[in-house]
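Commentary on secondary and tertiary structure
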Amino acid sequence: MGFARACSVALVGVEGVVVEVQADLEPGVAAFTLVGLPDKSLVESRDRVRAAVVNSGAEWPQKKLTVGLSPASVPKSGSGFDLAVACAVLGAAERIDPAAIADVVMIGELGLDGRVRPVRGVLPAVLAAAEAGYRHVVVPEQTAGEAALVPGVSVLGVRSLRQLIAVLGDEPVPEEPAADRGRPDTMLAGLMVPGAGLGTGLASLSADGTAHRPDLADVAGQVRARTALEVAAAGGHHLLLSGPPGAGKTMLAERITAILPPLSRQESLEVTAVHSVAGILPPGEPLISRAPYCAPHHSATMQSLVGGGNGLPRPGAVSLAHRGVLFLDEAPEFSGRALDALRQPLESGHVVVARAAGVVRLPARFLMVLAANPCPCGRHTLAGAGCECPPSAVRRYQARLSGPLLDRVDLRVEVEPVGRADLMGSGGRGESSAEVAARVRAARERAAERLAGTPWTTNSEVPGHELRTRLVAAPGALMAAERDMERGILTARGLDRVLRVAWTVADLRAADRPDASDIAVALELRTGIQRGVPMQAGAR
């Protein structure tokens with residue numbers, strides 16, 4: 001009887017579980033049995049592995065073969081177990097030393113000719129292996145850079161099963177021909193899901209290696225909206241832009257990622273892991289270093305926003321926008337169930353999706369930007385524009401954004417139509433994204449220094465009791481906010497969010513703590529009621 005084992009990783013959402021792949025050979029009629037809750041693509045690995053082993057020059061054992069995936073209670077899906085199954089079978093047949101593969105994690109799909117094809121989710125799989133104490137990982141050559149992002153793990157990238165057999169057997173490694181560079185690499189097809197990358201904001205690189213990014217200087221006028229955009233980026237505050245069509249709401253939202261600071265190393269790993277599982281990680285870019293931007297269409301379902309699908313849930317738009325921006329254009333046109341499903345991730349920074357196949361926790365800490373028209377025709381706030389919507393239709397349209405959802409939005413700005421002087425350039429060119437981004441980065445550094453030693457990094461994450469006890473504003477600064485709360489204009493949650501925005505405004509002007517003018521700016525940005533203070537937060 002021959003026995004051998006290797007290791008692989010089963011992904012549950014964006015978290016991994018190390019799976020022991022055990023192969024057992026017994027005398028009897030030649031058969032191949034795979035057990036351990038495999039899905040359809042994993043059951044088909046029996047034929048792929050057999051053909052790959054034979055075409056790699058190894059002999060397939062003509063005995064009763066049983067391959068078990070342990071723990072058997074965890075559902076396994078995908079084709080990433082092929083490499084571990086093949087090596088476990090070869091170890092049981094004594095073609096390779098079973099001790100050489102016992103503590104090696106192997107991830108990869110096998111072609112019928114023995115080539116090792118890349119699969120999605122390599123980064124979270126290697127992270128799970130490292131957390132479980134494994135130090136040696138074998139992955140397809142195309143994803144070796146992604147796996148190498150995990151510190152403390154030795155990564156071996158292989159192009160074929162023949163090469164891996166030679167490495168494990170201490171034999172001369174055969175050369176494998178590279179793909180034809182004159183056409184797209186078909187081996188990368190398993191990494192990208194067709195259509196999954198649309199609207200994710202991962203701009204493609206131009207010929208000189210730089211990515212085109214819209215500049216904030218292209219926006220004419222809109223001082224109040226530009227200030228709200230800067231405050232939202234500096235503190236991670238959610239933003240609602242309301243106004244008539246053509247005022248520039250979408251144009252402003254598309255430029256917010258240009259003023260966000262680069263992702264930290266830990267944030268980059270989190271974002272890359274989610275995008276790798278979702279199949280939208282760009283080839284040749286193993287680590288995402290800038291904030292993602294996701295803009296789903298208003299016909300998106302609740303499952304596409306928060307996550308779902310057949311079997312175990314897959315990341316939705318809120319997870320694809322993790323550590324970045326989720327832009328909902330024409331927000332009132334989204335279904336009420338889809339919008340209300342955003343309440344939990346807006347507060348907690350993650351989403352828990354429960355299905356019959358299991359419960360998955362997905363990261364979802366994003367900056368939400370909503371864009372809405374004032375009425376179905378969009379001309380309700382324009383003087384002399386001829387809005388024909390009856391008052392009942394206007395009320396119904398505006399009520400599609402529920403009160404509990406809007407209460408979680410820190411900044412609410414009315415975007416006015418652009419005047420002729422601003423549009424034709426006589427009003428002067430606005431600040432560029434680079435200038436605003438420098439102030440945003442400095443404000444985030446001040447907030448991070450103030451919040452050092454706490455689990456929070458931005459002002460939008462600080463709980464209310466901390467703002468009222470430890471991080472207090474200047475004496476007398478909250479009088480206007482307290483009056484609004486007594487009048488019912490602000491809720492208790494609204495007061496906490498005003499304090500968070502005020503701290504961000506103070507950070508933008510390099511103040512030690514917010515004063516009455518900072519509170520007034522925060523109140524005006526939330527309630528829309530003018531307070532008689534200048535709205536250029538970073539330049540005051």
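Since we're looking at a predicted model, the values are computed, not measured.

Topic: the nonpolar core
- Membership of the largest hydrophobic core comes to 60 residues, with the highest contact counts inside it found for L239, I256, V369 and I519.
- Of all the elements, helix α21 (residues 492-508) adds the most residues to this core, at eight residues.
- Ignoring sequence-local partners within four residues, the contact set of V369 consists of L239, L241, A253, I256, V325, L326, F327 and L328.
- Among the nonpolar cores identified, the runner-up in size contains 40 residues, and W60, A86, C87 and A92 belong to it.

Some points on the confidence of the model for the protein chain
- Summing up the model confidence of the protein chain, the mean pLDDT is 87 and the portion of residues at 70 or higher is 90%.
- When mean pLDDT is taken per element in the protein chain, strand β5 (residues 105-106) scores highest with 97 and helix α17 (residues 420-423) scores lowest with 70.
- Taken together, the stretch residues 196-210 has pLDDT below 50 and engages in 24 contacts with residues farther than four places along the chain or on a different chain.

A few points about the environment of V219
- Within the secondary structure layout, V219 lies in the loop between α7 (161-168) and α8 (223-235).
- Residue class for V219 comes out buried when judged on its relative accessible area of 6%.
- Considering only alpha carbons, one finds V219 and G430, 211 residues apart in sequence, at a separation of 7.1 Å.
- With sequence-adjacent residues up to four places away left out, V219 is seen in contact with R226, M251, L252 and R255.

What to know about the side chain of S79
- Examined against the element boundaries, S79 turns out to sit in the loop between β4 (64-70) and α3 (82-92).
- Given a relative accessible area of 15%, S79 falls into the buried group.
- Ignoring sequence-local partners within four residues, the contact set of S79 consists of S41, R48, G108, E109 and V119.

Section: the pairing of β4
- In the sheet, strand β2 (residues 15-26) pairs with β4 via seven bridges, with the strands oriented antiparallel. Along β4, the bridge assignment pairs V21 with L69.
- Across five bridges, strand β3 (residues 31-35) lies against β4 in parallel orientation. Bridge assignment links F32 to a residue of β4, and that residue is L65.

Quick word on the sheet that holds strand β12 (residues 325-328)
- In space, the five strands of this open sheet follow the order β11-β12-β15-β10-β16, with parallel pairing throughout. In this open sheet, the two strands that pair with only one neighbour each are β11 (293-294) and β16 (411-414).
- For β12 and strand β15 (residues 367-372), the ladder comprises four bridges, and the chain directions are parallel. Paired with L326 across the strands is M368, a residue of β15.

Let's talk about the side chain of Q163
- For Q163, the position within the fold is in helix α7.
- Look past the residues within four positions of Q163 in its chain and what remains in contact with it is V158, V173, P174 and E176.

Re helix α18 (residues 433-450)
- In a regular helix each residue adds 1.5 Å, so 18 residues correspond to 26 Å; α18 covers 26 Å between its end C-alpha atoms and thus fits that length.
- Regarding α18, the residues found buried are S433, V436, A437, R439, V440, A443 and A447. Considered in projection along α18, the buried side chains sweep an arc of 160° and stay on one side of the axis. With respect to the buried face of α18, the exposed residues turned more than 90 degrees away are A434, E445 and E449.
- Here the buried face of α18 lies against α8 and α21.

So, how was this worked out
Residues numbered from 1 in each chain as written. Predicted model: local features only at pLDDT ≥ 70, side-chain atom pairs only at ≥ 80, totals over all residues. Heavy atoms only, no water. Core = buried A, V, L, I, M, F, W, Y, C linked by side-chain atoms within 4.5 Å. Buried < 20%, exposed > 50% of the residue type's maximum accessible area, 1.4 Å probe, protein only. Helix = DSSP H or I, 4+ residues; strand = E, 2+ residues; numbered from the N terminus. Contact = heavy atoms within 4.5 Å. pLDDT = per-residue confidence, 0-100. Pairing = 2+ DSSP bridges. Expected span 1.5 Å × (residues − 1). Arc of directions from axis to C-beta.

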